[in-house]
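Observations on chain architecture
In case you want the letters, here they are:
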Amino acid sequence: MAQRVGWIGLGTMGGPMAGHVLRSGVALTVWNRTVSKTEALRELGADVAEDPRALAERCDTVILCINRTEDVAAQIEAMGDALRPGALVIDHSTISPVGAQAIAESLAVRGIEFVDAPVTGGSMGAQNGTLTVFLGGTEAACERARPIIRPYSARAERVGPSGAGQRMKVANQIAVGGALLALCESFAFAQKAGLDLAQTRALVGSGAGGSWAIEHYGKKILGEDWSPGFSIKNQRKDFGYCAEAAAAVDASLPGTRLVDALLAAQEAEGLGESTTARLFEYLLSRGFAD
């Protein structure tokens, strides 16, 4: 029998990812709280469910790409017993590692497999189908998830049992925060020092200072394009999970706390929906003594 896949969450990341699945020939059913976001996929041949329960009734595998731990739990609750024994749930949301473990345990009791599968690669990776996916779950569940994930991923690896995918995402977000600060601080200095920013990006990016942030977010800074991308609001949400996970293993995150504080100042100015790369503007406005 052909695989029947359901997708909940068609935002900046989920929409393009679901599109890759649909174009791979999989029978796809979608649901999104904002119905208008389903239209592009409907036009490509996706079935649109009237609610999460109806989606689960039609599908063997359900993929979530939403926001917080409580959102994932709420959608699983909304599917109720329509999510049947033998089903597979793949969660691409970035949530609490402890929350992912709890969800996996509650579903296992019902005979349902769960893979926490957060992604990295940004909206560009979602659009291009080149995301990296961190898989947490049993070996069997992760192997079952791989062919479904393949259309939108360049790399998908099991990193451990349930919750390990989210712990790897925490490690990723810690690195992302540091790279963001390095980019924005470097560019703010370069501009104040009278250097050409395009040349700075080309030269620094081609050497030891190069990074994904300089390659992708550097381009947004040059174009003064503050659209997400990845928003300040969502980055701070992820940093909250980083702090929680770090406390659980007694890990110190001084750099992450600094970047979170800087982004918090921007969010307080009403810029929470802007790309994180807008930190450049904030640092540009500060002086040496700040």
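All of the points below concern the structure found in this document.

Here we take up the overall build of the protein chain. Helix and strand counts for the protein chain come out as 13 helices and nine strands. For 290 residues, the compact-globule estimate of 2.2 N^0.38 gives 19 Å, and the protein chain sits close to it at 20 Å. Taking the principal axes of the C-alpha coordinates as reference, the protein chain spans close to 65 × 45 × 35 Å. Counting every position in the protein chain, which comprises 290 residues, the buried fraction comes to 48%. Look at the contacts in the protein chain between residues 6 or more apart in sequence, and 67% of them connect residues 24 or more apart. If you sum the accessible surface of the protein chain, you get close to 13,300 Å²; carbon and sulfur atoms cover 54% of it. For the protein chain, the centre of its 27 positive side-chain charges and the centre of its 32 negative side-chain charges are spaced 2 Å apart.

Once that is clear, we can look at the packing of helix H8 (residues 164–192) against helix H9 (residues 197–205). Two numbers describe how H8 lies on H9: the axes approach to 10 Å, and their chain directions differ by 135 degrees. Relative to H9, the element H8 is oriented oblique. Between H8 and H9 lies a crossing of right-handed hand. Residue-level inspection shows Phe 187, Ala 190 and Gln 191 of H8 in contact with H9, the latter providing Leu 197, Thr 200 and Arg 201. Residue composition of the contact of H8 with H9, by class: three nonpolar, two polar and one charged.

So, about the environment of Arg 286. Mapping Arg 286 onto the fold places it in the segment after helix H13 (279–284). Classification of Arg 286 by relative accessible area gives partly exposed; the value is 32%. C-alpha of Arg 286 to C-alpha of Ala 82: the two residues are 204 residues apart in sequence and 54 Å apart in space.

Attention now moves to the packing of helix H4 (residues 69–79) against helix H5 (residues 97–108). Interhelical geometry of H4 versus H5 gives an angle of 15 degrees and a closest axis separation of 10 Å. What the angle tells us is that H4 and H5 run roughly parallel. The chirality of how H4 crosses H5 is right-handed. Contact residues: Thr 69, Val 72, Ala 73 and Ile 76 in H4; Gly 99, Ile 103 and Leu 107 in H5. In terms of residue class, the contact of H4 with H5 is built from five nonpolar, two polar and no charged.

A separate point is the side chain of Lys 169. By the element assignment, Lys 169 lies in helix H8. No salt bridge forms around the buried Lys 169; measuring N to O, its nearest opposite-charge neighbour Asp 238 is 4.5 Å away. Reaching out from Lys 169, the side chain makes a polar contact with the side chain of Thr 94 at a distance of 2.7 Å. Excluding residues that lie within four positions of it along the chain, Lys 169 makes contacts with Thr 94, Pro 118, Val 119, Phe 134 and Asp 238.

On to the packing of aromatic side chains, then. Counting across every chain of the model gives two aromatic pairs. Judged by centre distance (5.6 Å) and plane angle (80 degrees), the rings of Trp 7 and Tyr 152 are edge-to-face. Highlighted residues: Trp 7 in strand E1 (residues 4–8) and Tyr 152 in the loop between helix H7 (139–149) and strand E9 (153–160), separated in sequence by 145 residues. Given a relative accessible area of 0%, Tyr 152 falls into the buried group. Taking the centre distance of 5.4 Å and the plane angle of 85 degrees together, the rings of Trp 212 and Tyr 217 count as edge-to-face. Judged by its relative accessible area of 39%, Trp 212 is partly exposed.

Conventions and cut-offs
Residues numbered from 1 in each chain as written. Predicted model: local features only at pLDDT ≥ 70, side-chain atom pairs only at ≥ 80, totals over all residues. Heavy atoms only, no water. Helix = DSSP H or I, 4+ residues; strand = E, 2+ residues; numbered from the N terminus. Rg over C-alpha atoms; globule rule 2.2 N^0.38 Å. Buried < 20%, exposed > 50% of the residue type's maximum accessible area, 1.4 Å probe, protein only. Contact = heavy atoms within 4.5 Å. Areas by Shrake-Rupley, 256 points an atom, 1.4 Å probe, with all protein chains shown as cover. Lys, Arg positive; Asp, Glu negative; His and termini not counted. Charge placed at Lys NZ, Arg CZ, Asp CG, Glu CD. Axes fitted to C-alpha atoms, helices over the stretch in contact; angles between N-to-C directions. Parallel < 35°, antiparallel > 145°, perpendicular 65-115°, else oblique. Left-handed = near helix turned anticlockwise from the far one by under 90°. Nonpolar A, V, L, I, M, F, W, Y, C, P; charged D, E, K, R; others polar. Salt bridge = Lys/Arg side-chain N within 4 Å of Asp/Glu carboxyl O. Polar contact = N/O pair within 3.5 Å; in protein donor to acceptor, adjacent residues only side chain to side chain. Phe/Tyr/Trp six-rings, centres within 6.5 Å; stacked < 30°, edge-to-face > 60°.

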